[in-house]
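# Structure assessment
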Amino acid sequence: MLRSLLSVFFYARFYRRFSAVGLRERSRAWKPYDEGLGGQRWLVTGASGGIGAAVAHGAHARGAEVLAVARSAAKLGELQRTCAGDARLRPLAVDLASIRAIRGLVRGLAERGEKIDVLLNNVGVLLNTHSLTAEGFETSFATNLLGHYVLTEGLRAAGLFSPGALVINMSSGGMYG
């Protein structure tokens, strides 16, 4: 019982800031963002659904070239279809829990000389059971933290960030637990 009460107290602290209530409260002061993103290249991980797909759509709609990265080629194909098959949205099927696959992604981008203006490290999982990747890392750690680090540092080491590039690291409230 005490443990349940402590959990309720812990998560209740974040309710107004990290729920739809907080979003509605803060969004009243927001000004519309109408700036074009033409000429920018965005790399968005976890782009097959949720926030990642929404960001990929939004950046694409404002003119950015979007490298949409996720594990599911089928879901990425659907994302591309919703963008009318426009070549400015490029699906890249990569298992972001695999450090080897992430390094392969960086190598491929480096071979093509693709500079990144905005990197959105968005992919994440919240698992109920313990599991390991084929490389021996705990799956949540590999996906939510290690993969983001390897991708960001790989792009930096390969000189693939444009001057003034922006790196955005996303995390859900599930990471608090």
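The following refers to the structure shown.

Calculation criteria
Residues numbered from 1 in each chain as written. Predicted model: local features only at pLDDT ≥ 70, side-chain atom pairs only at ≥ 80, totals over all residues. Heavy atoms only, no water. Patch = residues over 30% accessible without salt bridge, like charges linked within 9 Å, V, L, I, M, F, W, Y side chains within 5 Å. Areas by Shrake-Rupley, 256 points an atom, 1.4 Å probe, with all protein chains shown as cover. Salt bridge = Lys/Arg side-chain N within 4 Å of Asp/Glu carboxyl O. Helix = DSSP H or I, 4+ residues; strand = E, 2+ residues; numbered from the N terminus. Buried < 20%, exposed > 50% of the residue type's maximum accessible area, 1.4 Å probe, protein only. Pairing = 2+ DSSP bridges. Axes fitted to C-alpha atoms, helices over the stretch in contact; angles between N-to-C directions. Contact = heavy atoms within 4.5 Å.

On the surface, F137, F141 and L145 cluster together into a nonpolar patch covering about 260 Å² of accessible area. On the secondary structure map, F141 appears in helix α7 (residues 139–157). On the basis of relative accessible area, F141 is assigned to the partly exposed category, the value being 40%.

This brings us to the sheet that holds strand β4 (residues 116–121). What the 5 strands build is an open sheet, ordered β3-β2-β1-β4-β5; its pairing is parallel. Of all strands in the sheet, those bounded by a partner on one side alone are β3 (89–93) and β5 (161–169). Neighbouring strand axes in the sheet, compared pairwise and without regard to direction, differ in orientation by 15 degrees on average. Note that strand β1 (residues 41–45) and β4 share 3 bridges and pair parallel. The partner of W42 across the bridge, within β4, is V118. Together, β1, β2 (65–70), β3 and β4 form the strand contacts of helix α4 (residues 50–61), whose direction differs from that of β1 by roughly 170 degrees. Here α7 sits on the sheet in contact with β1, β4 and β5, set at roughly 170 degrees to β4.

Right, let's talk about the pattern of salt bridges for a bit. Inspection of the entire model under this criterion finds 9 salt bridges. Between R90 and E65 there is a salt bridge, and its shortest N-O distance comes to 2.6 Å. Taken together, the positions of R90 in strand β3 and E65 in strand β2 put the pair 25 residues apart, joining distant regions of the chain. On the accessibility criterion, R90 (22% relative accessible area) is partly exposed. For the salt bridge of E114 with R112, the shortest nitrogen-to-oxygen distance reads 2.6 Å. Using a relative accessible area of 48% as the deciding quantity, one classes R112 as partly exposed.

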